Amino acid sequence: MIRHLLTSLLLALSLAIAGAPAAQAQTQPASAQSAEIDYAAWESDATRAENLIEAGSASTAFLTNIRSTLAGWRSRFLAAQDANAARISTIEAQITALGPPPAEGETEPAAIAERRVSLNEQLAQAQVPRVTATEAFNRADGLIGELDAILAERQTRELFERDPAPINPLNWPPALVALADLAVALDREIADKIEARITSGESLWERMPLAVILIVVALILLTRSRFIVGRWTERLQLQVEARRGRGALAFLISLLQVALPIVGLIMVGGAIGYLDLLGRIGSDILEALISAAVMLYLALWLGGRLFPSNAELPAAFGVEPELRGILRRAVLFVGLFLGLGTIAETIATQDVVPLAARGVFVLPVYIGMAISFLRLAHLLRRHRLAVLDAEEPGDADRGFSFRMLAIFGILVRVVSWAGPILAAAGYLNLTESLMTPTALTLGIAGILVALQNPIRDVYALISNKTQDEAGQALLPVLVNLLLVFAISPLVLLTWGMRPEQLSEIITRFFAGFQLGDTRITPAIVLAVIAVFAIGMIVTRLLQGALRTTVLPRTKLDAGARNAVVSGLGYVGIALAAVIAITTAGIDLTALGVVLGALSVGIGFGLQNVVNNFVSGIILLIERPITEGDWIEVNGNMGIVKAISVRSTTIETFDKTDVIVPNGDLIAGTVTNWTRGNTIGRAVLTVGVAYGTNTRKVQDILLEIARSHPDVAKFPEPGVDFLGFGADSLDFRMRCILRDVNKMVAVKTELNHRIAERFVEEGIEIPFAQRDIWLRNPEALRTPPRALRASEDEPEDTDSETDDAPDGGADKDPQP
């Protein structure tokens, strides 16, 4: 399965890369493209493919080869569709320059009519290669689709084929006999090899020293390399917090725990091959054993990276140290049974093994793999529930990882029960397509999880940030997402997608889609992004130069300079977008049709957005407010912090940000306290007691106002005698401030000085007083005993109450 997976991945990549010559052909002249395409050869291949599809008897390998041939033709036809594009555009422009053709019954000058006919003939001739290539492309694409349908049907039929059930006891003796026959055949192969060597006069001992050396070195690598590298990586991981980059270095070095044993296994295989003792059966079994050993070492490495034995090192999903050892063993057993499955399938494919024995060999392996899956899912679920029960604080990453753990756990448990049941029923191919991909997918997911800490460590090293800061950054998350997308083809191949299907997806992705007369491909998208990014960089550089070098030397105020810089930014963004689109060869007229269709929806659904956008432009041009102004709008008062095309940010005096749509600033009433200058007026009111000399109070208030350093001398401050209040004689002080931003501080200081001066002058500031007059005070002097007696006689009490004046009978008596 692993060998088939790697072969399929390489085949898919090679098929996808096969379209590269077609992409290069797009840059060649139209005549060269037409000359390269042999339509006679294409007709022969297409006819042969149609006959094979109609017959339906060709082998899968032959159909795959003919499909690959058709895919090559299709790539060439796709490139040829752009043939003569420049010439066609030129002729169409010439025809457009002649004007519209005359209406029915009208005539045009003979020279223009002849020229129009000539240009139309040239246009038709220039479009022949494009039309021919388009027709051939559609034919090739249709044939490829039919072949894919046939191959998919065969794959599905093979998947649901039923072999002899392994739970049938009648199939057990043939399996045991097959093992004995396999051992005999292997022994016969070795004996034949030795006999042939003796016959040729070559001694086995001549090759033995080198083989022994290779095996000894291989044993050292297989037994000791993991422990030596493990201690080294553990020391590096413990230094992650102190030295950035050590975590990534430790991860790279830990790969030697897999690489060195693989080298050892290769040396073992090389030593045995050098002795030349094995035949076909022995070579197949040796290759399966090496593959199983590789899976075992991969499982050991992955378990150690995810769940390290050292409690000081972080584990995946925050697993506690008590569960790490059990989880490592669960991962190890998954790798072990995956390797045993490879060995069992290799044995089952030998000629001496009957078909009935295959299920007997693989069923125990699948049962063991299912138990390992269930054990692993149970341990991770136990950890997840323990964390949730303890209500440990978790961030968004942990919440997402726990949800993914729950989903994986459910899927793994379903596969664990379905796999052995299907295998016992005889659906061995279906079981293999479930169990093996599940194990490989778990391994791929584990590798992605193990890569998170190294990626975060590399980001911390590059950005000079701490591990905690790097853990909260966005870039490591984006890198992990890119890794998920990059590894998705391998996952698709793992789950049975044919290489031709994967190459078809890759080819269609790179072929792009048609937008008007332009084909949008990933290369064009990257070109648009690159040109737009360059335009944005140039715009930011110009903005910086204007802000720091040019505008400070002009007579423009700060608000005008900000408006110029912001306007340049918007113009730069628009120009960068237009240049990027036109540079990529996208026809803006095609987009104009789309934008025209969307304009109706924009007019109704986005009218508020458009209104705010236009209002933002008006604010930047007219500048009724600028950054740093003290304004009041819709009951909100504060300092303008930023003006964008949609809204304006105001920071209130409570240090809160208020986002005001620009439409409200244009259509509503706005009070700007600092527009043009910072001069403002402060008004204070004060009351004095009746009987106070009012002129003296006026003189004192004027003296206090004039003595304050922030009060302007002209206009002079004034004091008004407002009138006679209910409790006081009311005065108002009016003074002009040089800086209205100091309004609160000036008012506070003036109030302090007024209070201090009034105390010195003996002037009283009154407070509200109320006198209460009781109309029947004698009712308050009624003895309590008499009042109780009146309460015992309700009728008399009622009559007295009715006749009593207000307030007399409802009062409680006072002692």
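First, a word on what this report is: a plain description of the structure on this page. Computed from a predicted structure; not experimentally measured. Each residue is numbered by its place in its chain's sequence as written, counting from 1. Thresholds applied to this predicted model are a pLDDT of at least 70 for local features of residues and 80 or more for the giving and counting of side-chain atom pairs; totals over whole chains, interfaces and linings are not thresholded and use all residues. Values reported for side chains reflect all heavy atoms of the structure, with hydrogen atoms and water molecules removed beforehand.

**Details of the pairing of strand β9 (residues 718-724)**
Thinking step 1. Between any two strands, pairing holds if DSSP finds at least two bridges. Every helix listed is a DSSP run of H or I at least four residues long, and every strand listed is a run of E at least two residues long, numbered separately from the N terminus. Pairing of β9 with strand β10 (residues 729-737) involves 6 bridges; the strand directions are antiparallel. If you follow V719 over to β10, its bridge partner there is M733.
Thinking step 2. Counted along the chain from β9 to the antiparallel partner β10, the turn is 4 residues long.

**Looking at the side chain of T431**
Thinking step 1. Considering the arrangement of structural elements, one finds T431 in helix α17 (residues 428-450).
Thinking step 2. Contacts described as polar in this section are N or O atom pairs within 3.5 Å, which, within protein, must combine one atom able to donate a hydrogen with one able to accept it, while residues neighboring in sequence count only if both atoms come from side chains. Of note is the side chain of T431, whose polar atom sits 2.7 Å from the backbone oxygen of Y427.

**A closer look at the packing of helix α12 (residues 256-275) against helix α13 (residues 280-306)**
Thinking step 1. Note on method: axes are straight lines fitted to C-alpha atoms, helices fitted across the in-contact stretch only, with angles between N-to-C directions ranging 0 to 180 degrees. Interhelical geometry of α12 versus α13 gives an angle of 165 degrees and a closest axis separation of 9 Å. Between α12 and α13, the angle is such that the two are roughly antiparallel. For the pair α12 and α13, the sense of crossing is right-handed. Residues Q257, V258, P261, I262, L265, G269 and I272 of α12 form the contact with α13, whose own contacting residues are L286, I290, A293, V294, Y297, L298 and W301. Small angles under 35 degrees read as roughly parallel and large ones over 145 as roughly antiparallel, with 65 to 115 read as roughly perpendicular and the rest as oblique. Crossing handedness is read from the near helix: turned anticlockwise from the far helix by less than a right angle, it gives a left-handed crossing, and turned clockwise, a right-handed one. We call two residues contacting when some pair of their heavy atoms lies within 4.5 Å.

**Comments concerning the sheet that holds strand β8 (residues 680-688)**
Thinking step 1. Strands sit in the order β8-β10-β9 across an open sheet of 3 strands; the sheet is antiparallel. The strands lining the two open edges of the sheet, one partner per strand, are β8 and β9. Neighbour-to-neighbour, the strand axes of this sheet turn through a mean angle of 20 degrees, independent of strand direction.
Thinking step 2. Of the pairings in the sheet, the one linking β8 to β10 comprises 9 bridges and is antiparallel in character. Note that in β10 the partner of G680 across the bridge is L737.
Thinking step 3. Each of β8, β9 and β10 is contacted by helix α27 (residues 694-707), which is oriented at about 20 degrees to β10, the strand it contacts most.
Thinking step 4. Together, β8 and β10 form the strand contacts of helix α28 (residues 743-761), whose direction differs from that of β8 by roughly 25 degrees.

**With respect to the packing of aromatic side chains**
Thinking step 1. Think of it this way: a Phe, Tyr or Trp ring, Trp meaning its six-membered ring, pairs with another when their centres are within 6.5 Å, and the plane angle makes it stacked under 30 degrees, edge-to-face over 60, tilted otherwise. Evaluation of the coordinates by the stated rule reveals 10 aromatic pairs.
Thinking step 2. Ring centres of W73 and F77 lie 5.8 Å apart, and the angle between their planes is 25 degrees; on these two criteria the pair is classed as stacked. Taken as a pair, W73 and F77 lie in helix α5 (residues 60-80) at a separation of 4 residues, close to a single helical turn. Comparing W73 with F77 shows no difference in burial state: the two are buried.
Thinking step 3. Aromatic pair F721 and F724: ring centres 5.5 Å apart, planes at 75 degrees, arrangement edge-to-face.
Thinking step 4. Each residue is placed in one exposure class: buried if its accessible area under a 1.4 Å probe, protein chains only, is under 20% of its type's maximum, exposed if it is over 50%, and partly exposed if it falls in between. On the basis of relative accessible area, F721 is assigned to the partly exposed category, the value being 36%.
Thinking step 5. Assessed through its relative accessible area of 63%, F724 is described here as exposed.
Thinking step 6. Taken together, Y39, W42, W73 and F77 form an aromatic cluster joined through their ring pairs.
Thinking step 7. The criterion for a charge sitting over a ring is simple: Lys NZ or Arg CZ within 6 Å of the ring centre, and within 35 degrees of the ring normal. Above the ring of Y274, the side-chain terminus of R207 is found at 5.2 Å from the ring centroid.
Thinking step 8. A cation over a ring is seen here: R226 above F227, with NZ or CZ 5.9 Å from the ring centre.

**Notes on the sheet that holds strand β7 (residues 670-672)**
Thinking step 1. Pairing is antiparallel across the open sheet formed by 5 strands, whose spatial order is β6-β5-β4-β3-β7. Strand pairing shows two members of the sheet lacking a second neighbour, β6 (657-661) and β7, which therefore form its edges. Between one strand axis and the next, the sheet turns through 40 degrees on average, direction left out of account.

**Re a nonpolar patch on the surface**
Thinking step 1. Patch construction takes residues with relative accessible area above 30% that form no salt bridge. Like charges are linked within 9 Å, and nonpolar side chains (Val, Leu, Ile, Met, Phe, Trp, Tyr) are linked within 5 Å. All accessibility values rest on the Shrake-Rupley procedure with a 1.4 Å probe; residue burial counts only the protein chains present in the view. Salt bridge, as used here: a side-chain nitrogen of Lys or Arg that lies within 4 Å of a carboxyl oxygen of Asp or Glu. A contiguous nonpolar surface patch, about 640 Å² in accessible area, is contributed by L474, L475, V477, L478, V479, L481 and F485.
Thinking step 2. In this fold, V477 is placed in helix α20 (residues 475-494).
Thinking step 3. The exposure class of V477 is partly exposed, given its relative accessible area of 35%.

**A word on the side chain of T441**
Thinking step 1. Tracing the backbone shows T441 in helix α17.
Thinking step 2. Not counting chain neighbours up to four residues away, the residues in contact with T441 comprise T494 and W495.

**What to know about helix α21 (residues 499-511)**
Thinking step 1. Helix length check: α21, at 13 residues, gives a terminal C-alpha distance of 18 Å against a target of 18 Å (1.5 Å per residue), a fit within 8%.
Thinking step 2. Burial in α21 covers these residues: P499, E500, L502, S503, E504, I506 and A511.
Thinking step 3. G512 lies just past α21 and shows a positive phi near 75 degrees. Here a helix's expected span is defined as the number of its residues, less one, multiplied by 1.5 Å.

**Thoughts on the packing of α27 against α28**
Thinking step 1. Relative orientation of the contacting elements α27 and α28 amounts to 140 degrees, with a least axis distance of 10 Å. Considering the angle they form, α27 stands oblique to α28. Note that α27 runs across α28; the crossing there is right-handed. Residues K696, V697, I700, L701, E703, I704, A705 and S707 of α27 touch α28, and the partners they reach there are L750, R753, I754, R757, F758 and E761.
Thinking step 2. Charged means Asp, Glu, Lys or Arg here, nonpolar means Ala, Val, Leu, Ile, Met, Phe, Trp, Tyr, Cys or Pro, and polar covers whatever is left, Gly included. Residue composition of the contact of α27 with α28, by class: 8 nonpolar, 1 polar and 5 charged.

**Side note on the nonpolar core**
Thinking step 1. Residues enter a nonpolar core if they are buried and are Ala, Val, Leu, Ile, Met, Phe, Trp, Tyr or Cys, with the set joined through side-chain atoms within 4.5 Å. With 35 residues, the main nonpolar core has F361, M369, F373 and M435 as its most contacted residues.
Thinking step 2. Of all the secondary structure elements, the ones that give two or more residues to this core are α9 (172-199), α13, α14 (321-348), α15 (355-390), α16 (396-425) and α17.
Thinking step 3. Among the elements that make up this core, the one with the highest residue count is α15 (11 residues).
Thinking step 4. In this view, M435 contacts Y366, M369, A370, F373, V415, G419 and P420; residues no more than four positions away in its chain are not counted.
Thinking step 5. Judged by nonpolar contacts, the second largest core, of 26 residues, contains V686, V688, L702 and F731.

**Points about the pattern of salt bridges**
Thinking step 1. A full pass over the atoms with the stated rule returns 24 salt bridges.
Thinking step 2. The closest approach of N and O atoms between R139 and E43, which form a salt bridge, is 2.8 Å. Taken as a pair, R139 in helix α8 (residues 128-159) and E43 in helix α4 (residues 39-55) lie far apart in primary sequence, 96 residues in all.
Thinking step 3. For E43, a relative accessible area of 38% gives the class partly exposed.
Thinking step 4. We note a salt bridge from R116 to E108, for which the minimum N-O separation is 3.1 Å.
Thinking step 5. Accessibility expressed as a relative area gives 9% for R116, which makes it buried.
Thinking step 6. Assessed through its relative accessible area of 23%, E108 is described here as partly exposed.
Thinking step 7. Ionic contacts of the salt-bridge type, sharing partners, join the residues D163, E345, R358 and E432 into one network.

**A few points about the environment of I220**
Thinking step 1. Relative to the helices and strands, I220 is located in helix α10 (residues 208-237).
Thinking step 2. In this structure I220 comes out as partly exposed when scored by relative accessible area, which is 49%.
Thinking step 3. Distance from I220 to L260, taken between C-alpha atoms, is 9.7 Å for residues 40 residues apart in sequence.

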